[in-house]
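Chain by chain, the residues:
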Amino acid sequence: MLSRSVVNPSECLSQVPSGELIIAEVSSRDRLAFSLVVPTLNESQNLAELVELLMPAISSQVGESYEIIIVDDDSPDGTWQVAAWLAARYPQVVALRRVNERGLATAVIRGWQASRGEMLGVMDADLQHPPEVVARLIVAMRDGVDLAVASRDADGGGTSDWSYLRLLISRTLRLLGRVLLPGRLGAVSDPMTGFFVIRRSAVQDLWLAPCGYKILVELLVRSRAQKIVEVGYLFRSRQRGESKASLKVFMDYMRHLFRLRAAVRELRAEESPF
Ligand SMILES: Nc1nc2c(ncn2[C@@H]2O[C@H](COP(=O)(O)OP(=O)(O)OP(=O)(O)O)[C@@H](O)[C@H]2O)c(=O)[nH]1
Ligand SMILES: [Mg+2]
């Protein structure tokens, strides 16, 4: 077994993409079946367990044709060092340490920009998203599906032990989303989930501009995804590490909704100028 002390973490990090948030095509020679991005901020206590549970779940569906890309925002608890150690140990793991940029949604896109997968996934690092559900999402992507969303509100889904207050906040945010972006966010029962798989061709070459946390909201509006399926899952409670949910997350979400609403209106005006 590779000891952590013999690994120089900086040597095991991959380059972080920069420039515009556009996901490019990958040549068929380099392409993999699946790339999963795991954004992290202070998740050193959860990351190794997550990766070790994910690997058999993913390879049960795509063999070795996958990568797990950890995108850490220079966490003070040393998560990027754990990520680098995992990258040294497992050829399927890629570790990125961002120092010049912040935020969950852009971390996800930077990870996808560095990826080679035909299917692109994202999930949280804190084990609230059960690793075995990733295999179900990959299965759901068969038959030409563009987007498979793990939903707390679809059949078989739930939120284990959420308080009434958290449920109320979550429902209110969702309702606001549906009011401001009718049609677009109504396509799925849980547009605020950070657990889904999208086909690369549905996001490739598009200009993306998310702010804050909710990457799926951005993709429901800007991507080419047409055929969408949902997979119910139970959102577990966090066992280790701290939540990053805050008032700023709420403010970013509202700003993001208004920005997308303006983009949709502009698009409509271009399509029918009279
Ligand atoms: N790279 C990066 N990752 C982030 C950032 N903020 C949160 N994350 C990660 O994104 C995922 C979701 O964040 P959480 O704090 O778990 O949010 P949550 O699941 O809504 O809240 P809890 O239920 O309280 O855990 C986790 O893997 C975090 O480590 C960020 O600014 N940058
Ligand atoms: Mg969480």
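Described below are features of the structure shown in this document. (Residues numbered from 1 in each chain as written. Chains lettered and ligands numbered in written order. Predicted model: local features only at pLDDT ≥ 70, side-chain atom pairs only at ≥ 80, totals over all residues. Heavy atoms only, no water.)

1. As for the coordination of the magnesium ion (ligand 2)
Inference 1: The coordination sphere of the magnesium ion (ligand 2), as far as protein atoms go, consists of D126 (OD) and Q128 (OE1), spread over 1.8 to 2.0 Å.
Inference 2: On the basis of relative accessible area, Q128 is assigned to the buried category, the value being 9%. (Donors = N, O, S within 2.8 Å, 3.2 Å for Na, K, Ca; no water. Buried < 20%, exposed > 50% of the residue type's maximum accessible area, 1.4 Å probe, protein only.)

2. Thoughts on the packing of aromatic side chains
Inference 1: For the structure on display, the rule yields 3 aromatic pairs.
Inference 2: Ring geometry for W112 against F196: centres 6.1 Å apart, planes inclined by 70°, an arrangement best described as edge-to-face. Of this pair, W112 sits in helix α3 (residues 104–113) while F196 sits in strand β6 (residues 196–199); the two residues are 84 residues apart in sequence, bridging distant segments of the chain.
Inference 3: By relative accessible area, W112 is classed as buried at 0%.
Inference 4: Classification of F196 by relative accessible area gives buried; the value is 0%.
Inference 5: Geometrically, the ring pair formed by Y233 and F235 is edge-to-face, given 6.5 Å between the ring centres and 65° between the ring planes. Considered together, Y233 and F235 belong to a single accessibility category, that of buried residues.
Inference 6: Members of the aromatic cluster, connected to one another through ring pairs, are F195, Y233 and F235. (Phe/Tyr/Trp six-rings, centres within 6.5 Å; stacked < 30°, edge-to-face > 60°. Helix = DSSP H or I, 4+ residues; strand = E, 2+ residues; numbered from the N terminus.)

3. Re the layout of surface pockets
Inference 1: For the largest pocket, the calculated volume is near 1200 Å³.
Inference 2: Lining the largest pocket are 45 residues, with L104, Y213, K244, A245 and V249 sitting closest to its centre.
Inference 3: When residues of the lining of the largest pocket are traced back to their parent elements, those giving at least two are β1 (32–40), α3, α5 (164–180), α7 (215–222) and α8 (247–271).
Inference 4: Counting residues per element, the lining of the largest pocket draws most heavily on α8, which supplies 7 residues.
Inference 5: Of the residues assigned to the lining of the largest pocket, the class counts are 21 nonpolar, 11 polar and 13 charged. (1 Å grid on protein atoms, 1.4 Å probe; cavity = no way out; pocket = protein on both sides within 12 Å on 5 of 7 lines; lining within 4 Å. Points joined across faces, edges and corners; volume = space filled by probe spheres on them. Nonpolar A, V, L, I, M, F, W, Y, C, P; charged D, E, K, R; others polar.)

4. Digging into the pairing of strand β2 (residues 66–72)
Note on strand geometry: in a regular strand, side chains alternate between the two faces of the sheet.
Inference 1: Burial runs high along β2: 7 of the 7 residues are buried.
Inference 2: Residue alternation in β2 divides its side chains into two sets, Y66, I68, I70 and D72 and E67, I69 and V71, and both sets are buried.
Inference 3: The sheet contact formed by β1 and β2 spans 7 bridges and is parallel. Residue pairing in the sheet places F34 in a bridge with Y66 of β2.
Inference 4: For the segment spanning β1, helix α1 (residues 47–62) and β2, crossover handedness is right-handed.
Inference 5: Relative to strand β3 (residues 93–97), β2 is paired through 5 bridges, and the arrangement is parallel. Bridge pairing links I68 to V93 in β3.
Inference 6: For the crossover that starts at β2, traverses helix α2 (residues 79–89) and ends in the parallel β3, the hand is right-handed. (Pairing = 2+ DSSP bridges. Right-handed = clockwise from strand over helix to strand, strands pointing away.)

5. Thoughts on the sheet that holds β2
Inference 1: If you trace the 7 strands from one edge of the open sheet to the other, you get β3-β2-β1-β4-β6-β5-β7, paired in mixed fashion. The open sheet has two free edges, formed respectively by β3 and β7 (228–232), since each of these has just one partner strand. Each strand of the sheet is rotated relative to its neighbour by a mean of 20°, with strand direction disregarded.
Inference 2: Lying on the sheet, α3 is in contact with β1, β2, β3, β4 (117–122) and β6; it crosses β1 at an angle near 150°. (Axes fitted to C-alpha atoms, helices over the stretch in contact; angles between N-to-C directions. Contact = heavy atoms within 4.5 Å.)

6. Quick look at the site of ligand 1
Inference 1: Near ligand 1, the surroundings consist of 19 residues, among which E43, D73, D126, S243 and K244 are the closest.
Inference 2: Within the backbone of A125, one N or O atom sits 2.8 Å away from an oxygen atom of ligand 1.
Inference 3: In this structure, an oxygen atom belonging to ligand 1 sits 2.7 Å away from a side-chain N or O atom of D126.
Inference 4: Relative to its unbound accessible surface of 640 Å², ligand 1 loses 92% to contact with the protein.
Inference 5: Of the pockets mapped on this structure, ligand 1 occupies the largest pocket.
Inference 6: Looking at the shell around ligand 1, the elements that each hand over two or more residues are β1 and α3. (Near = heavy atom within 4 Å. Polar contact = N/O pair within 3.5 Å; in protein donor to acceptor, adjacent residues only side chain to side chain. Areas by Shrake-Rupley, 256 points an atom, 1.4 Å probe, with all protein chains shown as cover. Sits in = over half its atoms within 2 Å of the grid points.)

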